[in-house]
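Okay, here's what each chain looks like letter by letter:
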Amino acid sequence: MAACAGATSSIVGEDAVVMMLTDMYEDSLLYLAAGMIANCLESAGHFSQACKQLLQLLQPLLSASRKSSFESLCVQAGLSVIPVHVQLNPSEVHRCNTVLRFGITVVELDISGCHLGLEGSKTIAWTLLASSSSLTKLNVADNQLGLHGGEAVGDALRFNTSLASLNVSSNRLGAMGVKAIGEALSLNTSLTSLDLSFNFIDDAGVQVLAKSLVINSSLEELKLHSNGIGPEGCNAVAEALMVNKSLTCLDCAHNYFGAEGGMILGKVLRRNRSLKQISLWGNALGQEGGKAIGEAMHANLSIESLDTRRNEIVGEATEQL
């Protein structure tokens, strides 16, 4: 690679291209390889010509659909980088950091269900979050990150200024793992969507998260589905909603707010005007909780979607909703 970056007048030869592709032959990594080579060639000021030659070399490896997409990119001679949207499977994810070291512009990366574990999460967190200036969407759901993996992601998120969407659902983060991510939200100003569903957060974790929501002004979507959050945690979220003006979509489905939580939210929804979509599915709100939220809906015309299914709401309370 060093020799390529230093080129001044010639295109990288076929042998060099083939050698680069050999170590990353998997189909879903071909775009990364293409981007790496194109970036290298572009440094010599021959981007348009380099892309044409590169396309010829890649033709035997690219499927028809990928070939068409790549041709479209190649004709745009003004590009300085090739944005990459890629999904990796468990057998490929270990190559991710090797590819990124070559300066590939990764915009969206899906490495969900890749069994990263603690060590993998640390590497991915620092490579993609702390050092990347191009990544806007990252999905690391279902990777067994655990408490320390959540801390690694949170620590890296403090320094990232590009990421807009982060999915860390189904990772058994627990209250302490989410604590690091929540604290990072107090500093982060780029994140607009965060999915923390299925992480055993409970009341303790959501209380830390709620404190950050009071400060954060960029987050628009928050998913807390199935986290064992009870009335105490619901109250913390409600207090944050009294101050926060950026959140428009809140998913708290399948928690344990109960009637007490329903009445707490009812008071908040009378005043909050930023929320547009709310899911309270399966929270055992009951008659009293359902009625409180229903009455709030009559006073709040800004809410466009409200899901209160499976809450044991019947009779008069149902009519309010």
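Residues numbered from 1 in each chain as written. Predicted model: local features only at pLDDT ≥ 70, side-chain atom pairs only at ≥ 80, totals over all residues. Heavy atoms only, no water.

(A) Summary view of helix 12 (residues 258–269). With twelve residues, helix 12 extends 16 Å from end C-alpha to end C-alpha; this agrees with the ideal 16 Å at 1.5 Å per step. Along helix 12, the residues classified as buried are G258, G261, G262, I264, L265, G266, V268 and L269. (Helix = DSSP H or I, 4+ residues; strand = E, 2+ residues; numbered from the N terminus. Expected span 1.5 Å × (residues − 1). Buried < 20%, exposed > 50% of the residue type's maximum accessible area, 1.4 Å probe, protein only.)

(B) Structural detail: the pattern of salt bridges. Following the criterion strictly, the structure yields five salt bridges and no others. In this structure, the salt-bridge partner of E295 is R270, at a minimum N-O distance of 3.7 Å. Taken together, the residues E295 in helix 13 (residues 286–299) and R270 in the loop between helix 12 and strand 8 (277–279) connect sequence positions 25 residues apart. Here R309 and D307 are joined by a salt bridge, their closest N and O atoms 2.7 Å apart. Note on R309: relative accessible area 53%, which makes it exposed. Salt bridges sharing partners connect three or more residues here, namely R158, K179 and E183. (Salt bridge = Lys/Arg side-chain N within 4 Å of Asp/Glu carboxyl O.)

(C) Inspection of the nonpolar core at higher detail. Counting residues in hydrophobic clusters, the biggest one holds 57 residues, and the most contacted among them are L138, L166, V168, L194, L196, L222 and L224. Of all the elements in the fold, those that place two or more residues in this core are helix 7 (117–130), helix 8 (146–157), helix 9 (174–185), helix 10 (202–215), helix 11 (231–241), helix 12 and helix 13. Here L196 is in contact with V168, S169, L173, V178, I181, I201, L209, L222, K223, L224 and N227, once residues within four sequence places are set aside. (Core = buried A, V, L, I, M, F, W, Y, C linked by side-chain atoms within 4.5 Å. Contact = heavy atoms within 4.5 Å.)

(D) How the structure looks around the packing of helix 10 against helix 11. Across the interface, helix 10 lies against helix 11 with an axial gap of 8 Å and an inter-helix angle of 5°. If you check the angle between helix 10 and helix 11, you find them roughly parallel. From helix 10, D203, V206, Q207, A210, L213 and V214 reach across to helix 11, where they touch E232, G233, A236, V237 and A240. Split by residue class, the contact of helix 10 with helix 11 holds seven nonpolar, two polar and two charged. (Axes fitted to C-alpha atoms, helices over the stretch in contact; angles between N-to-C directions. Parallel < 35°, antiparallel > 145°, perpendicular 65-115°, else oblique. Nonpolar A, V, L, I, M, F, W, Y, C, P; charged D, E, K, R; others polar.)

Any functional reading would require information beyond the geometric quantities listed.
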